[in-house]
Amino acid sequence: MAMIDFDTFLEEKLKNPDFKREYDALDKEFELIDELLKARSEAKMTQAQVAKAMGVKQSAVARIESGNLDMKYSTLVNYLNAVGKRIAIV
């Protein structure tokens, strides 16, 4: 079976107007997740280290970073505090 890379797969899927509409609706959520991952990377921390700083389990950090959690504002602030960042609205 031939393998295709994700970019090729996504390019094909985005040709479907229904898929594109749903994908575009998640743009801000994806952007937030990317920023969280970048913040953790800049802090040179593992998920386990962030979890310890937050007082939660590593699996909770994994859910935050995967987007599989509809988190409260306080959870977001707690994560950002753990990685030494703060919210800035631009």
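The coordinates are above.
Residue positions are counted from 1 within each chain, in the order its sequence is given. This being a predicted model, a pLDDT of at least 70 is required before a residue's local features are given, and a value of 80 or more before pairs of side-chain atoms are given or counted; all residues contribute to the totals for chains, interfaces and linings. To get the side-chain values, take all heavy atoms of the structure and skip hydrogens and water.

## Re the overall build of the protein chain
Our working definition: Where helices and strands are cited, they refer to DSSP runs of H or I of at least four residues and of E of at least two residues respectively, numbered from the N terminus. Only C-alpha atoms enter the radius of gyration, while the globule expectation follows 2.2 Å times N to the 0.38, with N the number of residues. For the exposure calls, accessible area comes from a 1.4 Å probe over protein chains only, and a residue counts as buried if that area is under 20% of its type's maximum, exposed if over 50%, partly exposed in between. Residue contacts are counted whenever heavy atoms from the two residues lie within 4.5 Å of one another. For accessible areas, the Shrake-Rupley method is used with a probe of radius 1.4 Å. Any residue's cover is judged against the shown protein chains and nothing else.
Per the secondary structure count, the protein chain includes six helices and zero strands. On C-alpha atoms alone, the protein chain measures out to a radius of gyration of 16 Å, which is more than a quarter above the 12 Å that the 2.2 N^0.38 rule sets for 90 residues. Within the protein chain, the fraction of its 90 residues that count as buried is 22%. Look at the contacts in the protein chain between residues 6 or more apart in sequence, and 48% of them connect residues 24 or more apart. About 7100 Å² of surface is accessible on the protein chain, with carbon and sulfur atoms providing 55% of the total.

## Concerning a nonpolar patch on the surface
Selection criterion: Patches were defined on residues exceeding 30% relative accessible area and lacking a salt bridge, with like-charge contacts within 9 Å and nonpolar side-chain contacts (Val, Leu, Ile, Met, Phe, Trp, Tyr) within 5 Å. Each salt bridge in this description consists of a side-chain nitrogen of Lys or Arg and a carboxyl oxygen of Asp or Glu lying within 4 Å of one another.
A surface patch of nonpolar side chains, about 330 Å² in accessible area, is lined by Ile4, Phe6 and Phe9. Counting through the fold element by element, Phe9 comes out in helix H1 (residues 6–13). Looking at Phe9, the relative accessible area reads 39%, which means it is partly exposed.

## Considerations on the pattern of salt bridges
A complete count under the given rule lists seven salt bridges for this structure. Note that Lys38 and Glu35 form a salt bridge whose closest N and O atoms lie 3.7 Å from each other. On the criterion of helical spacing, the pair formed by Lys38 and Glu35 is a turn pair, its members being three residues apart in helix H3 (residues 27–42). Glu42 is paired through a salt bridge with Lys85; the nearest N and O atoms lie 2.8 Å apart. Of this pair, Glu42 sits in helix H3 while Lys85 is found in the segment after helix H6 (73–82), placing the two residues 43 residues apart along the sequence.

## So, the side chain of Glu65
What counts is decided by this rule: Any pair of N or O atoms that falls within 3.5 Å is considered a polar contact. Within protein, one atom must be able to donate a hydrogen and the other to accept it, and sequence-neighbouring residues count only if both atoms are side-chain atoms.
Looking at the element boundaries, Glu65 is found in helix H5 (residues 58–66). According to the relative accessible area criterion, Glu65 is buried, its value standing at 7%. At 2.7 Å, the side chain of Glu65 and the side chain of Gln47 are in polar contact. Contact partners of Glu65, with chain neighbours within four places excluded, come to Ile33, Leu37, Arg40, Gln47 and Tyr79.

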